[in-house]
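Residue strings, one per chain:
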Amino acid sequence: MISGAPASGKGTQCEMIVQKFGVVHISTGDLLRAEVSAGTEIGNKAKEYMNSGRLVPDEIVTAMVMTRLSLEDVKEKGWLLDGYPRSSAQAESLEKLNIRPDVYIMLDVPDDILIDRCVGRRLDPLTGKIYHITNCPPDNEEIKARLVTRSDDTEEKVKSRLQIYKQNAEAVSSTYLDVLNKIDGNCPKEVVFEEISSVLSRLQKDKEESKPGK
Ligand code: AP5
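Asks: When you look at the overall build of the protein chain in this model, what are you seeing that I'm missing?
Replies: Along the backbone of the protein chain there are 10 helices and 7 strands. Its C-alpha atoms give the protein chain a radius of gyration of 17 Å, near enough to 17 Å, the size a compact globule of 214 residues would have. Judged by the C-alpha coordinates and their principal axes, the protein chain covers about 55 × 35 × 30 Å. Taking all 214 residues of the protein chain together, the buried fraction comes to 29%. Considering only intrachain contacts with a sequence separation of at least 6, the fraction spanning at least 24 residues in the protein chain is 72%.

What follows is the structure, given as structure tokens:
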């Protein structure tokens, strides 16, 4: 599981984790944005919450995550949950089903940096890749021309998302204290990834060694 405030770099790190470790990335933010774009019933319900930076009701998000977790690719490759659980009720839903992470990564970034990252973030609607107008711009004009800004990335909405994150963060992380890894997210993305990667590689090695017959 990967957690952290809005714009702490969860999505950016997930791209790199998936590339190296081949797990299935499940981002509730991405799943919800896809529902909104497709104009589904879930999307229509979620839209007003997302646009105002509030959490979408637990039952909608939990049902969506459970459906995704039950698919075959997840059983084969393992999962990487990004942005879920985000409330104590969501964490409880997973606990009841005995769904626990091997590691709970928490990205730590100061508030003023988070606001700048959100306001400067741009998304490529074609590839889903995340950019930033100054920290991480695209390397060609064609991509630059098609980038879009998320509707919840205004300074005002980011402040409200951050406040909601802070109200819930402790209740969620206290469920995973035994596997919690707090990582400094206020470094270049490659440096952050190196730290995450070393945690995951160690975990992978321990799992290999504990397999029967080893
Ligand atoms: P969601 O999409 O999950 O938004 P979020 O948690 O606010 O996180 P972000 O996507 O904003 O940021 P990120 O941490 O992924 O950062 P990123 O890598 O993009 O959720 C959106 C909404 O959906 C919620 O507000 C809610 O309404 C709803 N929702 C989602 N899950 C829910 C749930 N479980 N329950 C209820 N409602 C839910 O990076 C940000 C920027 O910083 C980018 O521009 C990037 O290039 C830059 N950057 C990244 N890393 C670095 C670095 N190391 N140095 C410099 N710049 C960096």
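Asks: Before we go on, may I ask you to explain the site of the ligand in this structure?
Replies: In the neighbourhood of the ligand, 35 residues make up the surrounding shell, with Pro6, Gly9, Gly11, Gly29 and His132 lying closest. Looking at the shell around the ligand, the elements that each hand over two or more residues are helix H1 (10-21), helix H2 (28-38), helix H3 (41-51), helix H7 (111-120), strand S6 (130-132) and helix H10 (189-209). The residue makeup of the shell around the ligand, split by class, is 14 nonpolar, 13 polar and 8 charged.

Asks: Is there a simple way to think about the packing of H7 against helix H9 (residues 155-173) in this case?
Replies: At their nearest, the axes of H7 and H9 sit 10 Å apart, and the two run at 135 degrees to each other. Between H7 and H9, the crossing angle belongs to the class labelled oblique. Taken as a pair, H7 and H9 cross one another with a handedness that is right-handed. Here Asp111, Leu114, Ile115, Cys118 and Val119 of H7 lie close against H9, whose contacting residues are Glu155, Val158 and Leu162.

Asks: What is the right way to read helix H6 (residues 88-96) from this model?
Replies: Two residues of an α-helix separated by three or four positions point the same way, owing to the 3.6 residues in each turn. Within the sequence span of H6, burial applies to Gln90, Ala91, Ser93 and Leu94. Taken down its axis, H6 places every buried residue within 155 degrees of arc, on the same side. As for H6, its buried residues are in contact with helix H4 (58-69) and H9.

Asks: What should I look at first to understand unusual backbone geometry in this one?
Replies: Trans peptide bonds make up the majority, and among non-glycine residues the majority have a negative phi. Omega for the bond connecting Tyr84 with Pro85 falls within 30 degrees of zero, at 0 degrees, which places this linkage in the cis form. Mapped onto the secondary structure, Pro85 falls in the loop between strand S3 (79-82) and H6. Backbone geometry at Ala7 places phi at a positive 70 degrees, although glycine is not the residue there. Along the chain, Ala7 falls in the loop between strand S1 (2-4) and H1. According to the C-beta neighbour criterion, Ala7 is buried, with 26 such atoms within 10 Å. The backbone of Asn98 sits at a positive phi, close to 60 degrees, despite the residue not being glycine. Residue placement: Asn98 occurs in the loop between H6 and strand S4 (104-108). By C-beta crowding, Asn98 is classed as exposed, having 6 other C-beta atoms within 10 Å.

Asks: Just checking my understanding: could you explain the packing of H2 against H3 for this structure?
Replies: Helix-helix packing: each pair is described by the crossing angle between the helix axes and the interaxial distance. Where H2 contacts H3, the two axes come as close as 8 Å, and the packing angle between them is 115 degrees. Here the hand of the crossing between H2 and H3 comes out left-handed. Of the residues in H3, those in contact with Leu32, Glu35, Val36 and Ala38 of H2 are Ile42, Gly43, Ala46, Lys47 and Met50. Classifying every residue of the contact of H2 with H3 gives 6 nonpolar, 1 polar and 2 charged.

Asks: Is there a simple way to think about the nonpolar core in this case?
Replies: Across soluble globular proteins, you tend to see nonpolar side chains buried next to one another. Formed by 31 residues in total, the largest nonpolar core has its most connected members in Leu80, Ile105, Ile183 and Ile196. Among the elements of the structure, H1, H2, H3, H4, S3, S4, H7 and H10 are those that each provide at least two residues to this core. Apart from residues lying up to four places away in sequence, Ile105 is in contact with Met1, Ile2, Ser3, Asn181, Ile183 and Ile196.

Asks: Would you explain the environment of Phe21 in this entry?
Replies: When you line up the elements, Phe21 lands in helix H1. Phe21 sits 97 residues away from Cys118 along the chain, and the two C-alpha atoms are 27 Å apart.

Asks: Would you explain the pairing of S4 in this entry?
Replies: The two faces of a sheet get side chains in turn, since along a regular strand they alternate between them. Burial analysis of S4 places 4 of its 5 residues in the buried class, the great majority of the element. Relative to S4, S1 is paired through 3 bridges, and the arrangement is parallel. Bridge pairing links Ser3 to Met106 in S4. Inspection of the sheet shows S4 paired to strand S7 (residues 180-184) by 5 bridges, in the parallel sense.

Analysis parameters
Residues numbered from 1 in each chain as written. Predicted model: local features only at pLDDT ≥ 70, side-chain atom pairs only at ≥ 80, totals over all residues. Helix = DSSP H or I, 4+ residues; strand = E, 2+ residues; numbered from the N terminus. Rg over C-alpha atoms; globule rule 2.2 N^0.38 Å. Buried ≥ 20, exposed ≤ 12 C-beta atoms within 10 Å, placed from the backbone. Contact = placed C-beta atoms within 7 Å. Near = placed C-beta within 6 Å. Nonpolar A, V, L, I, M, F, W, Y, C, P; charged D, E, K, R; others polar. Axes fitted to C-alpha atoms, helices over the stretch in contact; angles between N-to-C directions. Parallel < 35°, antiparallel > 145°, perpendicular 65-115°, else oblique. Left-handed = near helix turned anticlockwise from the far one by under 90°. Arc of directions from axis to C-beta. Core = buried A, V, L, I, M, F, W, Y, C linked by C-beta atoms within 7 Å. Pairing = 2+ DSSP bridges.

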